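The chain contents come next:
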Amino acid sequence: MNEPLVQRHWVALAAPKVAPAVATSTVLILGRIWNANGAEHSTGNAALMVVLAAGAATAGAFAAAGRGGGDGVLAATAFATSGGLALAGVAGYADGLSLPLLLWVLATAVAYGIAARYWRTDRRDTVAYERQSVVRREGHAHTERVEALRAGAQIEVAREGAAYATALAQALIHREALPGFDPATLTRAGLPELPAIDITKEH
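Residues numbered from 1 in each chain as written. Predicted model: local features only at pLDDT ≥ 70, side-chain atom pairs only at ≥ 80, totals over all residues. Heavy atoms only, no water.

A. Highlighting the pattern of salt bridges. On inspection of all chains with the given rule, the structure shows two salt bridges. With its nearest N and O atoms 3.4 Å apart, the salt bridge here joins Arg150 to Glu147. With Arg150 and Glu147 both in helix H4 (residues 98-176) and three residues apart, the pair spans about one turn of that helix. Taking the relative accessible area as the measure of exposure, Arg150 reaches 44% and is therefore partly exposed. Judged by relative accessible area, Glu147 falls into the partly exposed class, the value being 40%. Glu156 is the salt-bridge partner of Arg159, the closest N and O atoms lying 2.7 Å from each other. Placement of the pair is Arg159 and Glu156 together in helix H4, with a separation of three residues, close to one helical turn. Given the relative accessible area of 35%, Glu156 is considered partly exposed. (Salt bridge = Lys/Arg side-chain N within 4 Å of Asp/Glu carboxyl O. Helix = DSSP H or I, 4+ residues; strand = E, 2+ residues; numbered from the N terminus. Buried < 20%, exposed > 50% of the residue type's maximum accessible area, 1.4 Å probe, protein only.)

B. Here's a closer look at the packing of aromatic side chains. This structure, assessed with the given rule, holds one aromatic pair. Here Tyr112 and Trp119 contribute two aromatic rings whose centre-to-centre distance is 6.2 Å and whose plane-to-plane angle is 65 degrees, an arrangement assigned as edge-to-face. Judged by relative accessible area, which is 27%, Tyr112 ranks as partly exposed. We classify Trp119 as partly exposed; its relative accessible area is 25%. Taking the ring centre of Trp119 as reference, the NZ or CZ of Lys17 above it sits at 4.1 Å. (Phe/Tyr/Trp six-rings, centres within 6.5 Å; stacked < 30°, edge-to-face > 60°. Lys NZ or Arg CZ within 6 Å of the ring centre and 35° of its normal.)

C. Structural detail: the layout of surface pockets. The space that makes up the largest pocket amounts to roughly 520 Å³. Around the largest pocket, the lining comprises 21 residues; the ones closest to its centre are Thr24, Ala80, Ala107, Ala111 and Ile114. Breaking the lining of the largest pocket down by element, the ones donating at least two residues are helix H1 (10-39), helix H3 (72-93) and H4. Looking at side-chain class alone, the lining of the largest pocket contains 17 nonpolar, four polar and no charged residues. (1 Å grid on protein atoms, 1.4 Å probe; cavity = no way out; pocket = protein on both sides within 12 Å on 5 of 7 lines; lining within 4 Å. Points joined across faces, edges and corners; volume = space filled by probe spheres on them. Nonpolar A, V, L, I, M, F, W, Y, C, P; charged D, E, K, R; others polar.)

D. Structural detail: the packing of H3 against H4. Contact geometry for H3 and H4: axes closest at 9 Å, N-to-C directions at 170 degrees. Taken together, the axis directions place H3 and H4 in an arrangement best described as roughly antiparallel. Contact residues: H3 offers Gly72, Val73, Ala76, Leu87, Val90 and Ala91, while H4 offers Leu99, Pro100, Leu103, Trp104, Ala107 and Tyr118. Its residues assigned to classes, the contact of H3 with H4 shows eleven nonpolar, one polar and no charged. (Axes fitted to C-alpha atoms, helices over the stretch in contact; angles between N-to-C directions. Parallel < 35°, antiparallel > 145°, perpendicular 65-115°, else oblique. Contact = heavy atoms within 4.5 Å.)

In structure tokens:
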């Protein structure tokens, strides 16, 4: 069985690698836009972002401590949302770029640290799948070789049997033409009984 080969585009391969930086940069840019539109030193806006970030972190903690070891993907998403909200709040509230940039660097590093864990897991799964695919292909190839050899042997046996039957039939035809031919002798020798020949009808 031949498995299809799928070659991914370079954009699809590079997208997961740049996604964390793009996400944190987008949050920083939107936060600074929010800052320019009146969020700077706005206590109400800052309090809202603190509440949202704390809520997302709490949701992540509950997801991580859920039944059966928790949902890792849901917990990581909640914590990432919490960090993004905190970064947006600081970027919107602060009057300079130093603190927002510092938090952006930290958030990007943390995002890549979390993503690297999933990339390693995905890589291990991919390698395991490729090994299993190789084993399956080798198993299918071995089965096909064995079946081909078996079919070839059966064909050869059938060919030899047909050749033997043809040679035996020709030999019997020649023996019938010889004087003193006795079909009972062939039967006693273990060969199939030959039909009796009525010589009077032939003459």
